[in-house]
Amino acid sequence: VKKRIVAGNWKMFVASREDARALALALRKKLRGASGVDVYVAPPAPFLFEVANILESSPIRVGAQALSQWEGGAHTGEASAAMLKNAGALFSIVGHSERREGGESETVVRAELERAVAAGLAPILCVGERSRGEGGEQFSAIEEQLASALKNIPKNTLKKLIIAYEPVWAIGKGAQDAMKPADLEEMVIFIRKVLADLLDRTEALRIPVLYGGSVEAQNASALIKEGGVNGFLVGRASTSLDSFLAILAAIR
Ligand code: 13P
């Protein structure tokens, strides 16, 4: 995979319709042409439709931060993959650690992944260890998460799949607390090996692997050059125009 991907997960940081509109309009204006980087944004669900409309004829792809494990029916408060697609989503983040923390189990994550694919949404599957240990516990944690989400997954699922490696301990800090490029490289090699063991080798090699966790303009370039990733899933720094553009500029 050569093309770089930078996805912005707006979380609940972009808190109003006006702010979501303003950020989307500014991004549309600034990222008009091809930039060598595929840019994705995931606004909060109530603003998805409007942001998708604003970015419809731009190169920026809009998606959901989460989706329901259910296809439809009596599930209060849920939004199905098909509904999100209908509202303009092209992708969905699946199994973000902030949702796993809230009780989303491996079984649910796997169901969501299948729903996303069935509806034609590209899944960005998040995996990440909660902490690191001397004994390399982080590797078994990542292997388990990948295996439980992807084991026996239908082959056609893989075409659009993106993996986001987001170590929980590195999320929401400053650039100096983000992962070190050498540690990232080691984990990315491990992730690619696990994917190759779980899936068809050639297909596994094509799956983009992103890093997320306190990515800023200061650390983006080293992480992409030395970390072996295809791009980033950015939280807080994606919610201000300047810091998001600075990350894009840093890896271009
Ligand atoms: P931060 O970039 O705010 O650390 O968030 C990372 C993340 O969780 C993106 O999904």
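Please read all numbers here as calculations on a predicted model, not as lab measurements.

Caption draft 1: Up close: the overall build of the chain. Helix and strand counts for the chain come out as 10 helices and 8 strands. Principal-axis analysis of the C-alpha atoms gives the chain an extent of 50 × 45 × 35 Å. Counting only residues that meet the buried cut, the chain has 51% of its 252 residues in that class. In the chain, of all internal contacts separated by at least 6 residues, the share reaching a separation of at least 24 is 73%.

Caption draft 2: Layout of the site of the ligand. Contacts to the ligand come from N9, K11, H96, E166, I171, G172, G213, S214, L233, V234, G235 and R236. At 2.8 Å from an oxygen atom of the ligand is found a side-chain nitrogen or oxygen belonging to H96. Within the backbone of S214, one N or O atom sits 2.8 Å away from an oxygen atom of the ligand. Of the residues in the shell around the ligand, the class split is 3 nonpolar, 6 polar and 3 charged.

Caption draft 3: Representation of the pairing of strand β2 (residues 37-42) in the model. With respect to burial, β2 is a largely interior element, 6 of its 6 residues being buried. Of the two faces of β2, both are covered, the one formed by V37, V39 and V41 as well as the one formed by D38, Y40 and A42. The sheet contact formed by strand β1 (residues 4-9) and β2 spans 6 bridges and is parallel. By the bridge assignment for β2, V6 is matched with V39. Sheet topology places β2 next to strand β3 (residues 61-64); 2 bridges connect them, and they run parallel. Within the sheet, the bridge partner assigned to Y40 lies in β3 and is R61.

Caption draft 4: Highlighting helix α5 (residues 106-119). Taking 1.5 Å of rise per residue, 14 residues should cover 20 Å, and α5 covers 20 Å from first to last C-alpha, within 8% of that figure. Listed as buried for α5 are V108, V109, R110, E112, L113, A116 and V117. G120 sits one or two positions beyond α5 and adopts a positive phi of about 85 degrees.

Caption draft 5: The sheet that holds strand β6 (residues 162-165), seen in detail. The 8 strands are arranged β1-β2-β3-β4-β5-β6-β7-β8 in a closed barrel whose pairing can be described as parallel. The average angle at which neighbouring strand axes cross in this sheet is 30 degrees, direction not considered. Across the sheet, α5 lies against β4 (91-94) and β5 (122-127), angled at about 160 degrees from β5, the strand it touches most. In the packing of helix α10 (residues 241-251) onto the sheet, the strands contacted are β1, β2 and β8 (231-234), and the crossing angle to β1 comes to about 165 degrees.

Caption draft 6: Structural view of the pairing of β8. The alternating pattern of β8 places G231 and L233 on one face and F232 and V234 on the opposite face, and all of these are buried. As paired elements, β1 and β8 share 4 bridges and run parallel to each other. Opposite G8, over in β8, you have V234 as the bridge partner. With 2 bridges joining them, strand β7 (residues 209-211) and β8 adopt parallel strand pairing. By the bridge assignment for β8, L210 is matched with G231. In terms of handedness, the path from β7 via helix α9 (residues 217-227) over to β8 forms a crossover that is right-handed.

About the cut-offs
- Residues numbered from 1 in each chain as written.
- Predicted model: local features only at pLDDT ≥ 70, side-chain atom pairs only at ≥ 80, totals over all residues.
- Heavy atoms only, no water.
- Helix = DSSP H or I, 4+ residues; strand = E, 2+ residues; numbered from the N terminus.
- Buried < 20%, exposed > 50% of the residue type's maximum accessible area, 1.4 Å probe, protein only.
- Contact = heavy atoms within 4.5 Å.
- Near = heavy atom within 4 Å.
- Polar contact = N/O pair within 3.5 Å; in protein donor to acceptor, adjacent residues only side chain to side chain.
- Nonpolar A, V, L, I, M, F, W, Y, C, P; charged D, E, K, R; others polar.
- Pairing = 2+ DSSP bridges.
- Expected span 1.5 Å × (residues − 1).
- Axes fitted to C-alpha atoms, helices over the stretch in contact; angles between N-to-C directions.
- Right-handed = clockwise from strand over helix to strand, strands pointing away.

Worth remembering: the numbers are spatial, not functional.
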